Protein chains: 4
Amino acid sequence: MAESAAVLGEARVRVRYAETDQMGVVYHANYFVWFEIGRVELIRQMGLDYSRLEQDEGCLIAVVEATARYKAPARYDQELLVRTRLASVRGSILRFAYQIVRAADEVLLCEGSTVHVVVGRDMQRRPLPEQYRERFREFHIPDAKPDKSQEEAA
Amino acid sequence: MAESAAVLGEARVRVRYAETDQMGVVYHANYFVWFEIGRVELIRQMGLDYSRLEQDEGCLIAVVEATARYKAPARYDQELLVRTRLASVRGSILRFAYQIVRAADEVLLCEGSTVHVVVGRDMQRRPLPEQYRERFREFHIPDAKPDKSQEEAA
Amino acid sequence: MAESAAVLGEARVRVRYAETDQMGVVYHANYFVWFEIGRVELIRQMGLDYSRLEQDEGCLIAVVEATARYKAPARYDQELLVRTRLASVRGSILRFAYQIVRAADEVLLCEGSTVHVVVGRDMQRRPLPEQYRERFREFHIPDAKPDKSQEEAA
Amino acid sequence: MAESAAVLGEARVRVRYAETDQMGVVYHANYFVWFEIGRVELIRQMGLDYSRLEQDEGCLIAVVEATARYKAPARYDQELLVRTRLASVRGSILRFAYQIVRAADEVLLCEGSTVHVVVGRDMQRRPLPEQYRERFREFHIPDAKPDKSQEEAA
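Since the structure is predicted, the reported quantities are computational estimates derived from the model, not experimental observations.

As a further point, take the layout of surface pockets. If you add up the space inside the largest pocket, you get close to 980 Å³. The wall of the largest pocket is formed by 28 residues, among which Q22, M23 and G24 of chain A together with Q22 and M23 of chain B lie closest to the centre. Secondary-structure elements contributing two or more residues to the lining of the largest pocket are helix 2 (50-57) of chain C together with helix 2 (50-57) of chain D. At 4 residues, helix 2 of chain D tops the list of elements feeding residues into the lining of the largest pocket. Of the residues assigned to the lining of the largest pocket, the class counts are 9 nonpolar, 10 polar and 9 charged.

This is the structure we're talking about:
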């Protein structure tokens with residue numbers, strides 16, 4: 001992903017005590033919360049604002065699929081980087097891909113993807129507002145090839 | 001509280017893995033989530049329905065104060081009892097008191113209280129619907145005396 | 001799955017207020033917490049005890065992959081059934097499959113799967129204790145047909 | 001607290017979607033998670049390291065009491081400042097006080113306090129290592145007067 005740095009969302013999180021479990025590492029469901037932080041940050045870096053999209057346009061980006069593969073455990077107080085890429089935009093369907101690495105040594109801890117559908121407050125599918133759709137198309141980075149991290153979309 | 005068993009809310013929860021932290025015990029903020037389970041269960045046992053109150057009446061019971069005192073740690077997979085009492089009803093202000101005990105041996109793990117104010121969807125204070133207010137007054141159990149566990153209400 | 005009812009884990013959860021988000025439905029990461037409740041309940045119904053496995057054997061069942069597909073939103077205070085199946089056991093690798101349905105009408109809300117590897121306290125892979133391995137083999141229900149991980153939707 | 005800026009811990013958090021609930025605001029238990037972020041940050045700003053204290057010294061700082069008073073709701077994507085003060089150090093008992101303000105306009109959203117006891121891995125009380133005790137004494141800021149926000153310590 002190095003060559004796409006300009007359009008790559010990157011968010012920084014520090015592992016909270018509440019996010020650990022008695023195994024001494026981060027509880028696995030929390031990575032999905034971090035994916036979302038990455039997603040929102042990417043949208044912000046595109047010059048858009050997810051909370052406005054909800055408030056002003058009544059558009060919600062509901063999750064319809066979420067996958068994570070855990071490579072190495074994250075631990076309390078570590079700083080992590082959440083790298084997010086908008087992998088595809090088709091009609092009202094969006095797919096984001098994520099990598100979470102340890103900030104200190106860039107070791108990959110987790111990668112995953114989420115698929116979303118744009119809905120209104122009534123939870124019925126609706127088109128993305130034009131401004132967002134164009135921006136999303138402009139910034140999306142398709143999968144390089146049917147590689148390991150995205151095989152579920154093949 | 002023994003003599004008030006008839007009007008005492010009791011809910012049962014089993015500690016989830018996600019609720020533990022790397023100390024090997026339950027993370028302290030989760031007790032407030034359990035307090036809420038107790039509160040909703042008490043309201044249900046009064047013959048009322050909190051989700052209806054929100055949906056039909058547009059009434060939210062917002063938390064304005066929350067306190068917990070931790071006596072002994074809860075651990076993964078333990079069954080707990082959340083005992084809830086409606087301690088006072090004054091206008092649109094409600095106070096609930098809680099005890100969380102281990103189901104196996106009735107050891108007290110945590111006690112606490114929450115103070116709430118009834119608000120509308122606009123977050124402005126409003127009176128509780130008559131049906132709820134009467135029911136709440138009927139079922140509330142004032143503090144026995146100004147004892148240690150409720151001094152914040154004194 | 002109907003014919004396998006005897007070995008099917010079923011756990012019941014009620015949606016907590018803390019599990020909802022401002023979209024008015026359950027936040028998607030929480031389904032993974034419920035998957036775990038189903039998993040632990042299935043293990044219990046097999047006559048085993050996950051917390052013992054950790055404490056007595058020093059064996060942790062770490063998550064290496066987790067997937068969920070969301071079909072319809074779960075809402076506050078609804079009762080849900082988490083149905084869990086041990087889909088495969090190969091060496092120290094386990095795969096569980098889940099369906100979450102609304103208790104009131106059996107509508108499917110979410111399905112998913114998790115892959116686990118058995119590790120010691122040092123997070124290094126190790127074999128499952130014999131007693132557990134046998135029990136797991138006896139109770140596992142392979143996918144109905146050889147598709148990727150989505151067979152439970154067939 | 002303005003005059004104590006030099007020794008005041010300040011941490012910055014941005015409200016996560018997962019932290020909101022269907023009331024459209026932050027779920028109240030999450031403020032205790034933020035209090036902890038403030039506490040750990042304050043300890044870091046004192047030149048100490050809480051995760052080291054746990055790992056190297058086997059010392060845990062267990063919560064024995066936690067209180068929050070909610071003044072105004074925090075909302076999704078808002079930036080918040082968590083201001084933490086070590087209010088008292090007596091033997092192995094510590095008390096921290098917190099204020100959470102909205103970064104944009106410094107409006108106070110929540111204030112609270114937590115009381116902690118230093119324990120070993122066996123959850124039995126033990127003294128704080130000398131290095132930490134001295135540092136804590138040096139940096140602690142007693143309550144200005146027995147005012148409303150700290151009456152529980154009076």
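Counting residues at the interface gives 26 residues for chain C and 27 residues for chain A. Summed over both sides, the interface between chain C and chain A buries roughly 2200 Å², with carbon and sulfur atoms accounting for 60% of that surface. Looking only at chain C, the three residues that lose the most surface to chain A are M23, H28 and M123 of chain C, adding up to 25% of its buried area. At the boundary of chain C with chain A, the tally comes to 0 salt bridges. Along the contact surface separating chain C from chain A lie 9 residue pairs in polar contact (both at pLDDT 80 or more). Of all the elements in the fold, those that place two or more residues in the side of chain C that touches chain A are helix 1 (30-45), helix 2 and strand 2 (60-70) of chain C. By residue class, the composition of the side of chain C that touches chain A is 16 nonpolar, 3 polar and 7 charged.

The final tally for this structure, using the stated rule, is 60 salt bridges over all chains. Note that R133 of chain C is salt-bridged to E130 of chain C, the shortest N-O span being 2.2 Å. Placement of the pair is R133 of chain C and E130 of chain C together in helix 3 (residues 130-139), with a separation of 3 residues, close to one helical turn. The salt bridge partner of D77 of chain D is R14 of chain D, with a shortest N-O separation of 3.5 Å. Taken as a pair, D77 of chain D in the loop between strand 2 (60-70) and strand 3 (79-90) and R14 of chain D in strand 1 (residues 9-14) lie far apart in primary sequence, 63 residues in all. Beyond isolated ion pairs, a larger network of salt bridges with shared partners links R14 and D77 of chain A together with E41 and R44 of chain D.

About the thresholds
- Residues numbered from 1 in each chain as written.
- Chains lettered and ligands numbered in written order.
- Predicted model: local features only at pLDDT ≥ 70, side-chain atom pairs only at ≥ 80, totals over all residues.
- Heavy atoms only, no water.
- 1 Å grid on protein atoms, 1.4 Å probe; cavity = no way out; pocket = protein on both sides within 12 Å on 5 of 7 lines; lining within 4 Å.
- Points joined across faces, edges and corners; volume = space filled by probe spheres on them.
- Helix = DSSP H or I, 4+ residues; strand = E, 2+ residues; numbered from the N terminus.
- Nonpolar A, V, L, I, M, F, W, Y, C, P; charged D, E, K, R; others polar.
- Contact = heavy atoms within 4.5 Å.
- Buried area = accessible area lost by both parts, 1.4 Å probe.
- Salt bridge = Lys/Arg side-chain N within 4 Å of Asp/Glu carboxyl O.
- Polar contact = N/O pair within 3.5 Å; in protein donor to acceptor, adjacent residues only side chain to side chain.

Note that every value here comes from positions in space, so none of it alone points to a role or purpose.
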